[in-house]
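Okay, here's what each chain looks like letter by letter:
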Amino acid sequence: MSLLKLYFRSPSAIIGLLLLLLVLAMAATADWFYPRDPLALAGRPLLWPFTNPRFLLGTDNSGRDIAAQIFHGARISLLIGVVATVISIMIGITIGAFAGYYGGWVDTALMRVTEAFQTLPNFILLLVLVAVFGSTITTVTVAIGIVSWPASARLTRAEFLSLRSREFVQAGRTLGLKDAKLIFGEILPNALPPVIVYASVVMAVAILLESALAFLKLSDPNVASWGNLIGAGRDVLRVQWYVSAIPGVAILITVLAVSLVGQGLNDALNPRLKGR
Amino acid sequence: MTPILVLDTVSVKLPEGADRSHAMSDVTLSVAANEILCVVGESGSGKSMTANAIMRLLPGGVAIDGGRILFEGRDLAGVSEAEMRKVRGAGIAMIFQEPMTALNPLRTIGDQIAEMFEIHTDLSKREIATRVLALLEEVRIPDPALAIKAYPHELSGGQRQRAMIAMALALDPRVLIADEPTTALDVTTQAQILELIRDLQKRKGTAVLFITHDFGVVAEIADRVAVMSQGRVVEQGVASAVLENPQHAYTRQLIAAVPPLKAPPPRPLGTEPILTIDHVSKTYRTGGFLGRGQRVTHAVKDVSLVLPKGGTLGIVGESGSGKSTLARCLVRLIDPESGEIRLNGRDLACLTREEMRAETRHIQMVFQDPFASLNPRRKAGELVAQGLIVHGTARSEALARAKELFALVGLDPAATDRYPHEFSGGQRQRIGLARALALEPDVLVADEPVSALDVSVQAQVLKLLAELRQRLGLSIVFITHDLRVAAQVCDLVAVMKSGEMVEAGPIGEVFGNPQHAYTQALLASIPGRDFGLRRQAEVA
Amino acid sequence: MRVLALAGRRLAASIPTLFLILIGVFLLLQFAPGDTVDAMMAQMGGGDATTARQLREFYGLDLSLGAQLANYLWRLVRLDLGFSAIYGKPVATVIAERLPATLLLMTAALSLAFFFGLILGVVAARGVNKWQDTLISTLGLVFYAMPTFWFGLMAIIVFAIYLQWLPAGGFEDITVGLTGLARTLDIIRHLVLPTLTLGLFYMAIYLRIMRGSMLEVLNLDFVRTARAKGMDETRVVVRHVLRNALLPMVTLIGLQAGTMLGGSVVVESVFSLPGLGRLAYESVIQRDLNTLLGIVFVSALLVIAVNFIVDLLYARLDPRITAGR
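Cut-offs and rules
- Residues numbered from 1 in each chain as written.
- Chains lettered and ligands numbered in written order.
- Predicted model: local features only at pLDDT ≥ 70, side-chain atom pairs only at ≥ 80, totals over all residues.
- Heavy atoms only, no water.
- UniProt positions renumbered as here; feature names shortened; annotations may be inferred.
- Buried < 20%, exposed > 50% of the residue type's maximum accessible area, 1.4 Å probe, protein only.
- Helix = DSSP H or I, 4+ residues; strand = E, 2+ residues; numbered from the N terminus.
- Pairing = 2+ DSSP bridges.
- Right-handed = clockwise from strand over helix to strand, strands pointing away.
- Contact = heavy atoms within 4.5 Å.
- Buried area = accessible area lost by both parts, 1.4 Å probe.
- Salt bridge = Lys/Arg side-chain N within 4 Å of Asp/Glu carboxyl O.
- Polar contact = N/O pair within 3.5 Å; in protein donor to acceptor, adjacent residues only side chain to side chain.
- Nonpolar A, V, L, I, M, F, W, Y, C, P; charged D, E, K, R; others polar.
- Domains from an automatic or database assignment.
- Phe/Tyr/Trp six-rings, centres within 6.5 Å; stacked < 30°, edge-to-face > 60°.

Chain C has the name Peptide/nickel transport system permease protein in an unreviewed UniProt entry, where Bosea lathyri is given as its organism. The UniProt entry for chain C carries the following text under Subcellular location (unreviewed entry): "Cell membrane". Here is the UniProt Sequence similarities (unreviewed entry) comment for chain C, exactly as written: "Belongs to the binding-protein-dependent transport system permease family."

Chain A has the name Peptide/nickel transport system permease protein in an unreviewed UniProt entry, where Bosea lathyri is given as its organism. The UniProt entry for chain A carries the following comment under Sequence similarities (unreviewed entry): "Belongs to the binding-protein-dependent transport system permease family."

Here you go:
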């Protein structure tokens, strides 16, 4: 059965894909629906949702349109999620591949570094990085990528460890293949599927990390981030709780979508594990 | 004799989308007390499913959909799950193929045997402890008092299987189902376990349903035989009658595929050596901290052998004998520690990695596992052409050559576009052979090339290998644990034990008149040895 | 004894890791705009260049980078974390004051996550693809996808503002000056929401792992052996599956100890808990680099300690560990 067909066998995977498409659509149409700067003053502050047709989701404590911030925030969340994930997975694969393939002292050294990154609480490292390099969207994205690679490195290493002694790799070696060819041509394509599935976890965590950072007012204040809005809403939490509640739902849906898609991919790639 | 267990036209259906609709169709069998019935067949014949159906331990989606399973007159197919649980273990007990995975790794042997009593009896803790000890003594496990407290990983394969047998026989079941209980074991251990099962069965009068793929084992142990194919019993009868005078064409074909133990008359061989193994050693050091408490394993210890041009040198031994390590040293997958490996006069052992990469075209390897040895993400043709491309042949030319090689190993040249999973096990092994032959090597190192194959497929691959050897003038190093296979393909043989070579020489001499005690023990352990020798007489 | 030796060896192996972290973060902080003296001067409301130079000399900040690093590490070996200019106390004292709240929060959240993750995972796996599995898995996914700080805020709205059952923040009620049991109960009341906030996220992870690992183990050969013995399903699960399925969970605790400590930064901020996480946040905002470095050191130590305990636990669960592989 084709991968696509296997994927669409699971209802939760379909829901995940639909939710993800919804968030993508929001990101894509943000400029079209809300061409103005979402952080600019738009109207009276603290309008409740559904009370004014111009501001469907109301306004926050600075009089900015919440709906506009949600739409534009989808862009930021997805952008940060995807870029940070790519950075983290690339670092993880490289380190994991070399450690797993070569073993010996290369493995020991690389795993020491990985352990160091796992021993230091990732959010504290993130705080340090932001404190040192500042909170622009670029530094925040790169910093999130840097703190979240160790797990994918471990995963890649484990795959490489089990694959490198597999007979087809040994056969490649007896044919005279060079190390680089063995790593990238023979082992990596076989090690990739679980790592790609894991990328969905990394992306979910990346989105959550950015929102937490923004909530603490340590992310880029000049972009419409959902976390920023939750942080702003905290000041008026007692009465106008919707300011914080609405962007939280947006994050929830996005992370849920990414997780469901990842799970669906996993089930499609390992049909053996499904339904037993 | 009245049968204890009767299968009456039992059918088991498979879930939709399986390769056939029924795992078992109208299977009728019976076992009486004090009798061993061997159910024999190749993989996919439904023989293991028979065992699972009797125990009603079928995987999800698989269900009995016809017939009766009568145990002491009661139809097990119809009883409640609670009733069935009372039968399992107490009435019908079971032992499995892989004693390592069949035991819980986190609990002691004694604990797991005691559980049998805890489930089915009201015995006190102390009574159970004495019974467990007595059982372990009965299965002749060394140091039973210690074995009670041992975890599965602390025992050897044979000891684990003894513990499994002790567990199965704890409550003196009327029926014992043994599902390939010796397949994962070495030949000498297998002989001991077979003897133990036979002995216990005689003493207790147990009815044994013994599932196996190996006609040697059948000849060794069976009172009666049922041959299965495609979920059906094609022939059953008294063991000697079925073995000596098979009626069904499928049985005949299966028995004909079992290689006889006696070597064919020797082929004329030159004396010019092509590969010389000279005092090769490889040791492994494990554990230990800064040199303290280190364990040293001599995987290969000072082995010297000569392979004459055009000859086939068999290296036989049990697991842990170092035969595979030696094979991997020859192609430098493992770097030997000392000694020389001279191929056409050039010492491979001292080459740098770069030099060895160039030298690989003269010595190639065929691997054991037809599934693991082919990269699942490359097309078959590409796999065969890969070596040529690495060594400088243009891609299109290499792919064309791959098609020729496919024809050479008896595969359809049009199949080069398919992926490995689209081929059967035997076909994959042919692809592996084509890949190794693509570089036109002088020496082929074959590491258990047929051990993972069913006996009829095995015969075909061996025949192909013999043909190619003749046609291409190949010199082969053939690693195997199966002495029957060795007898058929090898000119010379070396017997290895714990890393050392104990005996070597022309195969007819070594097998006909073994000098070393270990070689003698090895040959004596082969199940159905007399059967194998008798068959040789027929063939001759 | 062998168990202890094994875990001890792992502990010794984490010393280089600890140094790697400290050196890395120390060097990283050199890139930070402004140093401790700048922060102090800002605190004092400015000062002249001479004072600044004298202060730098006093704190050894005028030395070369290598010398500063060597100084720092040498002080650490003597467990001297330096002085916090912002709090006007030794860093060790500041951290010691903040540690109890974090330890309490982490222990409570971890227990909650582990206990309920285990139970829910088992229930879901036993009824795989049935309604209880669907319900538990969906709930797990939702808890996983919720940002913890947002869940905390929503919990405050519901339980502290509308229902007024629980306090909205703080570690204890200092206005009343409770002692003994009453004080303990008061602290517990304050910790309910933070524990739920931090714990439910990890519970979601644990239940997913436990469910998967149960399903994996249920498929192993020895489970078939157990069934062939005539055992009923409950007994099979309790006596054969559970302990094997627990192993990946236990490993995960060790791997996630760091992440959890990081998560407490956010939760402590939401509930204004005077803990280590909040201190980390404050020292970033106030550029108190000495304190930040101290927190890095202490949190790494905490994670190493958790991993030591996890190693001991794992070795007790799995006899194969001490067999030398």
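Structure shown, so let's carry the discussion forward.
## Thoughts on the pairing of strand 8 (residues 207-212) of chain B
All names here are of chain B. Most of strand 8 sits inside the fold, with six of its six residues counted as buried. Taking every second residue as pointing to the same face, both faces of strand 8 are buried, with Ala207, Leu209 and Ile211 on one and Val208, Phe210 and Thr212 on the other. Sheet topology note: the strand 3 (residues 36-40)/strand 8 ladder contains five bridges and is parallel. Within the sheet, the bridge partner assigned to leucine 37 lies in strand 8 and is leucine 209. Sheet topology places strand 7 (residues 175-179) next to strand 8; five bridges connect them, and they run parallel. Bridged to alanine 178 within strand 8 is phenylalanine 210. You can see the chain leave strand 7, run along helix 8 (residues 187-204) and come back into strand 8, and the turn it takes is right-handed.

## Concerning the interface of chain B and chain A
Contacts between chain B and chain A engage 24 residues on the former and 17 residues on the latter. The largest per-residue losses of area from chain B upon contact with chain A belong to Leu333(B), Arg357(B) and Arg377(B), which jointly make up 27% of the total buried on that side. In this assembly, chain B and chain A are joined by one salt bridge. Joining chain B to chain A, the criterion identifies 13 residue pairs in polar contact (both at pLDDT 80 or more). Secondary structure elements with two or more residues in the side of chain B that touches chain A: helix 13 (353-359), strand 16 (363-366) and helix 14 (380-390) of chain B. Broken down by element, the side of chain B that touches chain A gets its largest block of residues, three residues, from helix 14 of chain B. In terms of residue class, the side of chain B that touches chain A is made up of nine nonpolar, eight polar and seven charged.

## Examining the interface of chain A and chain C
Contacts between the two partners involve 47 residues from chain A and, on the opposite side, 54 residues from chain C. Buried area between chain A and chain C, both sides added, is near 4400 Å², and the carbon and sulfur share of it is 75%. Across the contact surface, chain A and chain C share zero salt bridges. Across the contact surface, chain A and chain C share six residue pairs in polar contact (both at pLDDT 80 or more). Of all the elements in the fold, those that place two or more residues in the side of chain A that touches chain C are helix 4 (104-119), helix 5 (122-133), helix 9 (179-215) and helix 11 (242-269) of chain A. The greatest single-element share of the side of chain A that touches chain C, amounting to eleven residues, is contributed by helix 11 of chain A. Residues belonging to the side of chain A that touches chain C are distributed by class as follows: 32 nonpolar, nine polar and six charged.

## Section: the sheet that holds strand 4 (residues 63-71) of chain B
Residues and elements named next belong to chain B. Read from one edge to the other, the open sheet built from four strands follows the order 2-1-4-5, with strand pairing classed as antiparallel. Edge positions in the sheet fall to strand 2 (22-32) and strand 5 (74-75), since each of these pairs with one other strand and no more. With two bridges joining them, strand 4 and strand 5 adopt antiparallel strand pairing. Bridging across to strand 5, leucine 70 finds its partner in aspartate 75.

## Quick word on the domain arrangement of chain C
Residues and elements named next belong to chain C. Looking at the assigned domains, one finds that chain C contains domain 1 (18-90) and domain 2 (98-317). Once you take the C-alpha centre of each, domain 1 and domain 2 turn out to be 35 Å apart. Across the contact, 19 residues belong to domain 1 and 18 residues belong to domain 2. Summed over both sides, the interface between domain 1 and domain 2 buries roughly 1600 Å², with carbon and sulfur atoms accounting for 71% of that surface. Considering only the side of domain 1, the residues that lose the most area to domain 2 are Leu18, Leu29 and Tyr87, jointly responsible for 31% of the buried surface there. Joining domain 1 to domain 2, the criterion identifies zero salt bridges. Linking domain 1 to domain 2 there are four residue pairs in polar contact (both at pLDDT 80 or more). Top contributing element to the side of domain 1 that touches domain 2 by residue count: helix 1 (residues 2-29), with six residues. Classifying every residue of the side of domain 1 that touches domain 2 gives 17 nonpolar, two polar and no charged.

## A word on the UniProt feature "transmembrane region" (unreviewed entry) in chain A
Residue and element names in this part refer to chain A. As recorded in UniProt, the feature "transmembrane region" (unreviewed entry) lies at residues 78-103, 123-147, 195-219 and 239-262. The span residues 195-219 carries 84% helix and 0% strand; its end-to-end C-alpha distance comes to 28 Å. Secondary structure content for residues 239-262 is 88% helix and 0% strand, while the C-alpha to C-alpha distance between its ends is 37 Å.

## Some details on the packing of aromatic side chains
All names here are of chain A. Scanning all chains against the criterion turns up 17 aromatic pairs over all chains. Judged by centre distance (5.4 Å) and plane angle (85°), the ring pair of tyrosine 7 and phenylalanine 8 falls under edge-to-face. On the basis of relative accessible area, tyrosine 7 is assigned to the buried category, the value being 8%. A relative accessible area of 40% means that phenylalanine 8 is categorised as partly exposed.

## So, the UniProt feature "domain: ABC transmembrane type-1" (unreviewed entry) in chain C
What UniProt calls "domain: ABC transmembrane type-1" (unreviewed entry) maps, in this numbering, to residues 99-314 of chain C. Helix and strand shares over residues 99-314 of chain C are 83% and 0% respectively, and the end C-alpha atoms of the span are 27 Å apart.

## What to know about the environment of Ile479(B)
Residues and elements named next belong to chain B. In this fold, isoleucine 479 is placed in strand 18 (residues 475-480). Taking relative accessible area as the criterion, isoleucine 479 reaches 0% and is therefore assigned buried. For the pair formed by isoleucine 479 and phenylalanine 367, sequence separation is 112 residues and the distance between their alpha carbons is 10.0 Å. Every residue in contact with isoleucine 479, bar those within four places of it in the chain, is listed here: Ile315, Lys323, Ser324, Ala327, Ala446, Asp447, Glu448 and Pro449.

## A word on the pattern of salt bridges
Here the structure, examined in full by the defined rule, presents 42 salt bridges over all chains. Residues Arg88(B) and Glu81(B) are paired through a salt bridge, measuring 3.3 Å at the closest nitrogen-oxygen approach. We classify Arg88(B) as buried; its relative accessible area is 3%. The exposure class assigned to Glu81(B) is partly exposed, which follows from its relative accessible area of 38%. The residue Glu282(C) makes a salt bridge to Arg98(C) at a minimum N-O spacing of 3.0 Å. Taken together, the residues span a long stretch of sequence, with Glu282(C) in helix 11 (residues 276-285) and Arg98(C) in helix 5 (residues 91-126) at a distance of 184 residues. There is no split in this pair, since Glu282(C) and Arg98(C) are both buried.

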